[in-house]
Amino acid sequence: MKNTTVIIPSRLEAQRLPNKPLVLINGLPMIVHVLNKAKAADVGDVFVATPDDDIAEVVKKNGGQVILTKRNHATGSDRIFEAFNKLEDQNIEIIINLQGDMPNINPDYIKKINKLMEMKNCDLGTLASKLIKKEIHDMNVVKLETSENLNTDNFLKVKNFFRTVDKDKRLYIYYHIGIYAFTKKSLDTFINLKRSDNEIKRNLEQMRAIDNGLLIRSGLVDKTPIGVDTEEDFLKVTQEMKL
């Protein structure tokens, strides 16, 4: 029996791209593309956690499982936590929080984060890719920092997450990919922590974990999935997924 579950938080209230989960990419709603990539990874059961009936209906119509949640969650992790606690399977040990706006994510990346978490040497796991020059000072690109070179074979402690790169030399910075894997214990711990000052200041909920001493490790993948936040992102990913 697999002890991992993938939960995809999704809601309709995106400001920059209205009804984002339901926009059609090559004839299929974006949330369904993400759902199918998660199912293809075959690491465990996959659920979409949403407060919206329209999303739930589309997911079910396309063969997916849905957990209806409250609407007023502050973060995606809060929504994941509610959904996880509604599951009956008590054998689950790894919960993967997969963002619902990465329709072109490689299923192998989901497999990789699951495999790394099975090593049981951290509280949270995530993934990163190499930065290109134009992304270094892009505020919309979240970066993570390690103490040494991240490669495809290691799983290193993350020192920090940020949006802006200071003038001081940061040797090991990478593009942070929005996928998190929690242990059952660390998810419960994380949700019950107070929001940290850095989390609020940077608008990065992962800083709550860093600031409270939870150990986050990152693996490296070879390509950055497109996170769809704007019309430009939508057109880019639509073109890429035609290939």
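Report follows, based on the coordinates.

Cut-offs used in this document
Residues numbered from 1 in each chain as written. Predicted model: local features only at pLDDT ≥ 70, side-chain atom pairs only at ≥ 80, totals over all residues. Heavy atoms only, no water. Helix = DSSP H or I, 4+ residues; strand = E, 2+ residues; numbered from the N terminus. Rg over C-alpha atoms; globule rule 2.2 N^0.38 Å. Buried < 20%, exposed > 50% of the residue type's maximum accessible area, 1.4 Å probe, protein only. Contact = heavy atoms within 4.5 Å. Areas by Shrake-Rupley, 256 points an atom, 1.4 Å probe, with all protein chains shown as cover. Lys, Arg positive; Asp, Glu negative; His and termini not counted. Charge placed at Lys NZ, Arg CZ, Asp CG, Glu CD. Polar contact = N/O pair within 3.5 Å; in protein donor to acceptor, adjacent residues only side chain to side chain. Phe/Tyr/Trp six-rings, centres within 6.5 Å; stacked < 30°, edge-to-face > 60°. Lys NZ or Arg CZ within 6 Å of the ring centre and 35° of its normal. Salt bridge = Lys/Arg side-chain N within 4 Å of Asp/Glu carboxyl O.

Things to note about the overall build of the protein
- Scanning the protein for helices and strands turns up eight helices and 11 strands.
- Expected size for 243 residues packed as a compact globule is a radius of gyration near 18 Å; at 17 Å, the protein falls within 12% of this value.
- Over its C-alpha atoms, taken along the principal directions, the protein stretches across nearly 50 × 40 × 35 Å.
- In the protein, which comprises 243 residues, the share counted as buried stands at 53%.
- For the protein, the share of sequence-separated contacts (at least 6 apart) that also reach a separation of at least 24 residues comes to 69%.
- For the protein, the accessible surface area stands at approximately 12,400 Å², while carbon and sulfur atoms represent 47% of it.
- Positive and negative side-chain charges of the protein, numbering 37 and 34 respectively, have mean locations separated by a distance of 3 Å.

Re the environment of Gly 125
- Note on placement: Gly 125 falls in strand 7 (residues 124–129).
- Expressed as a C-alpha distance, the spacing of Gly 125 and Asn 114, which sit 11 residues apart in the sequence, is 8.6 Å.
- The residues touching Gly 125, leaving out its near neighbours within four places in the chain, are Ile 113, Met 117, Phe 155, Ile 179, Tyr 180, Ala 181 and Arg 217.

A few points about helix 4 (residues 107–117)
- Most of helix 4 sits inside the fold, with eight of its 11 residues counted as buried.
- What helix 4 keeps buried is the set Pro 107, Tyr 109, Ile 110, Lys 112, Ile 113, Asn 114, Leu 116 and Met 117.
- Looking at the buried residues of helix 4, the elements they touch are strand 1 (4–9), helix 1 (30–41), strand 6 (94–98), strand 7, strand 10 (173–183) and strand 11 (216–220).
- Where helix 4 starts, the residue carrying a side-chain oxygen 2.8 Å from the main-chain nitrogen of Asp 108 turns out to be Asn 106.

So, the packing of aromatic side chains
- Applying the stated criterion across every chain yields a total of one aromatic pair.
- With centroids separated by 5.8 Å and ring planes inclined at 55 degrees, the aromatic side chains of Phe 182 and Phe 190 adopt a geometry described as tilted. Taken individually, Phe 182 and Phe 190 each receive the classification buried, so the pair is uniform in this respect.
- The lysine or arginine in question, Arg 208, covers the ring of Phe 190, its NZ or CZ lying 4.4 Å from the ring centre.

A word on the pattern of salt bridges
- Applying the stated criterion to the full structure yields 10 salt bridges.
- Measuring nitrogen to oxygen at the nearest pair gives 2.8 Å for the salt bridge that ties Arg 71 to Asp 52. Linking Arg 71 in the loop between strand 5 (65–68) and helix 3 (76–85) with Asp 52 in the loop between strand 4 (45–50) and helix 2 (53–61), this pair joins segments that are 19 residues apart in sequence.
- Overall, Asp 52 belongs to the buried group, its relative accessible area being 6%.
- Of the charged contacts, one joins Glu 240 and Lys 223 as a salt bridge, the two residues approaching to 3.5 Å between their closest N and O atoms. With Glu 240 in helix 8 (residues 231–240) and Lys 223 in the loop between strand 11 and helix 8, the pair connects residues that are 17 residues apart, well separated along the chain.

Concerning unusual backbone geometry
- Backbone geometry at Asp 42 places phi at a positive 55 degrees, although glycine is not the residue there.
- Along the polypeptide, Asp 42 turns up in the loop between helix 1 and strand 4.
- For Asn 203, which is not glycine, the phi torsion reads 55 degrees and is therefore positive.
- In this structure, Asn 203 sits in the loop between helix 6 (197–202) and helix 7 (206–211).
- Looking at Asn 203, the relative accessible area reads 56%, which means it is exposed.

Let's talk about the environment of Phe 234
- For Phe 234, the position within the fold is in helix 8.
- Exposure remark for Phe 234: the relative accessible area of 15% places this residue in the buried category.
- Residues Phe 234 and Ile 136, 98 residues apart in the sequence, show an inter-C-alpha distance of 22 Å.
- Discounting chain neighbours no more than four positions away, the residues touching Phe 234 are Leu 17, Val 23, Leu 24, Ile 25 and Val 228.

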